[in-house]
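Examination of the molecular architecture
Here's the letter readout for the chains.
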Amino acid sequence: MNDTTNERLMDALRGLVGASHVLQGVGLDAYEVDWRKRYRGRALAVVRPGSTSEVAAVVRTCAAAGTALVPQGGNTGLVGGSVPDDTGHQVLLSLTRMNRIREIDADNLALVAEAGCVLHTVQQAADERGLLFPLSLAAEGSCTIGGNLAANAGGTQVLRYGNARELCLGLEVVMPQGEVWHGLTGLRKNNTGYDLRDLFIGSEGTLGVITAATLKLFPKPAAVVTALASCRSVDAAVGLLNLARARLGAGLTGFELMERFALSLVEKHFPQLPRPLPQAPWTVLLELAGTEAEAVERERLAALLEAALEQELIDDAVVAESIAQSHALWHLRESIPLAQSEEGLNIKHDIALPVSAIPRFVPHMARQLQQATPGARIVCFGHLGDGNLHYNLQAPEGVAAADFLAAHETAINALVYDEVQRLGGSISAEHGIGRLKREELAQRGAPVALAMMKAIKAALDPAGLMNPGRVI
Ligand code: FAD
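We now turn to the structure provided with this report. Just so we're clear, the structure is a prediction, and the values are computed from it rather than from any experiment.

**Focus on the sheet that holds strand 2 (residues 43-47)**
As summarised here, the arrangement of the four strands in space is 1-2-4-3, forming an open sheet in which the pairing is mixed. Edge positions in the sheet fall to strand 1 (22-23) and strand 3 (69-72), since each has one partner strand and no second. Note: strand 2 against strand 4 (residues 90-94), four bridges, orientation parallel. When the bridges of strand 4 are listed, valine 47 appears paired with leucine 93. The sheet contacts of helix 1 (residues 3-17) involve strand 1, strand 2 and strand 4, and relative to strand 2 the element is tilted by about 10 degrees.

Quick look at the structure:
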């Protein structure tokens, strides 16, 4: 595209959303650099529409000019899907001005939020009506509902409430040519042909722009109590999970696993955070949400932990005595990704495995990795209750992270993903594919599934202008 054509496009975009919402030039790092600082792009412009009709007009105008679009919410994605490439030819479409809660229907336990609503704002809006929107993750103060759905985010409550896909009843989407699909239904039963909603959830901005969503709400539990427990092995942690499932049933809302080194990074980079238990090989965070008074639910959790001590599944445990203590325990867990990025660039694996395979996977993988890259530091933590591990590698002490990644990332990925596939797992549990795992998916995905994905992409976005180069 030459300069005159570019200027004509910019003029048209300014006319659609207002000159102050078309940003160009320097100082756009917040939009052009991803959260992990692995991908640095350059946008032709950052465009910030304020309504669905403005999004549709921007998409139509860019489609007519043959200009690719990269949708972006909070830019907290971890797979490089939300920032433009470095050609300077892609328009970055920021949804953050579309941040209204349109409606709360308490009788239908549903809420309609615009795509740019920050997740925490949605949680608060539900809370103010005495209801619960259970999607919860460490980035909830910045990530948006549009991004959560586009990435099919998981987080800490999947065990009880499911991931973002299961929390969505309907969508409003601007299609790649600019038509609007008005699918904002609040129905829980609707068998009228193919499920178009599910097509867009997890599509990472490659099939259209989500502009609003109907989300499921739940009655708020009467009490939520949290505990921390120390285990000697992953086997023991899985034993504790089984006991907790049996005793707490649907009340068990969170079951997080943290390896010693992961927590030692938190201690190193955030020494101000309290450490309620002495260091142990593995630490588990459990959460119980119940219908009884807090004291009763705390007793239930304590009784479970006593039984676990008797069965030698755990060595030590502490139950939070207040909401503040509960938050402090979660804060430890949620500080791990931040502590890791303070420690330096790392090789991330967001993997899913059958829970039953995890006790074999962890020690086997550690042995293989120590042979292949002696001294590499494994940061293992995650949502054990969902069979989802964040299995990351930090360079050996004293080795420059960038050199380590350049030399070993491909071989390490192959080792980890081969084993994950052998055990029937997935190379992406909750973060998506983006740019980071596109080649892995191309190599490892089932050919029939990949062919279907390409056919869907070609049918909905024949010009390939919606977030090109991501996912497939
Ligand atoms: P962005 O990063 O802006 O975008 C993510 C993808 O969605 C991109 O491909 C983008 O193009 C697309 N997209 C964004 N908005 C739209 C839209 N409106 N329409 C179409 N496409 C769109 N994830 C988990 O699942 N579980 C966790 O526990 C978790 N913890 C995290 C902790 C931290 C500290 C951080 C930084 C991230 C974490 N994540 C986690 C990653 C997670 O995917 C994101 O935080 C979140 O879901 C992305 O939302 P976002 O608004 O930032 O999207």
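**Details of the side chain of asparagine 467**
Mapping asparagine 467 onto the fold places it in the segment after helix 16 (447-460). At 3.1 Å, the side chain of asparagine 467 and the side chain of arginine 470 are in polar contact. Here asparagine 467 is in contact with Leu69, Val70, Pro71, Gly81, Glu204, Gly205 and Thr206, once residues within four sequence places are set aside.

**Focus on the sheet that holds strand 5 (residues 101-105)**
If you walk across this open sheet you meet the five strands as 5-6-10-8-9, and the pairing is antiparallel. Both outer strands of the open sheet, strand 5 and strand 9 (180-183), are each paired with one neighbouring strand and no more. Between one strand and the next, the sheet's axes are offset by a mean angle of 15 degrees, whatever the strand orientation. As paired elements, strand 8 (residues 168-174) and strand 9 share four bridges and run antiparallel to each other. Looking at strand 9, one finds that valine 174 is bridged to valine 180. Packing of helix 3 (residues 52-65) onto the sheet brings it into contact with strand 5, strand 8, strand 9 and strand 10 (209-216), and relative to strand 8 it is tilted by some 45 degrees. Those strands touched by helix 4 (residues 119-128) are strand 5, strand 6 (110-114) and strand 10, and its axis lies near 150 degrees from that of strand 6.

**Some details on the site of the ligand**
Looking at the ligand, there are 34 residues lining it, with Pro71, Gly73, Thr76, Gly77 and Thr144 nearest. Here glycine 74 contributes a backbone N or O atom positioned 2.8 Å from an oxygen atom of the ligand. One nitrogen or oxygen atom from the main chain of glycine 155 is found 3.3 Å from a nitrogen atom belonging to the ligand. Summarising the interface, the protein chains cover 96% of the accessible area of the ligand, which totals 970 Å² for the free molecule. Put simply, the parts of the chain that give the shell around the ligand at least two residues each are strand 3, helix 5 (145-150) and strand 10. Examining the composition of the shell around the ligand, we find that four residues originate from one element, helix 5, more than from any other. Of the residues that constitute the shell around the ligand, the class distribution is 13 nonpolar, 19 polar and two charged.

**Some details on the environment of threonine 206**
Following the sequence through the fold, threonine 206 ends up in the loop between helix 7 (196-200) and strand 10. The spatial distance from the C-alpha of threonine 206 to the C-alpha of alanine 302 is 47 Å, given a sequence separation of 96 residues. Here threonine 206 is in contact with Lys457, Asp461, Met466, Asn467, Arg470 and Val471, once residues within four sequence places are set aside. A polar contact is formed between the side chain of threonine 206 and the backbone oxygen of serine 203, at a distance of 2.7 Å.

**What about unusual backbone geometry?**
The phi angle at asparagine 152 is positive, at roughly 45 degrees, despite the residue not being glycine. Inspection of the secondary structure puts asparagine 152 in the loop between helix 5 and helix 6 (158-161). Among the residues examined, asparagine 152 registers a relative accessible area of 14% and is labelled buried. Positive phi is not limited to glycine here, since asparagine 467 has a value of about 45 degrees. Residue class for asparagine 467 comes out buried when judged on its relative accessible area of 2%.

Conventions and cut-offs
- Residues numbered from 1 in each chain as written.
- Predicted model: local features only at pLDDT ≥ 70, side-chain atom pairs only at ≥ 80, totals over all residues.
- Heavy atoms only, no water.
- Pairing = 2+ DSSP bridges.
- Helix = DSSP H or I, 4+ residues; strand = E, 2+ residues; numbered from the N terminus.
- Contact = heavy atoms within 4.5 Å.
- Axes fitted to C-alpha atoms, helices over the stretch in contact; angles between N-to-C directions.
- Polar contact = N/O pair within 3.5 Å; in protein donor to acceptor, adjacent residues only side chain to side chain.
- Near = heavy atom within 4 Å.
- Areas by Shrake-Rupley, 256 points an atom, 1.4 Å probe, with all protein chains shown as cover.
- Nonpolar A, V, L, I, M, F, W, Y, C, P; charged D, E, K, R; others polar.
- Buried < 20%, exposed > 50% of the residue type's maximum accessible area, 1.4 Å probe, protein only.

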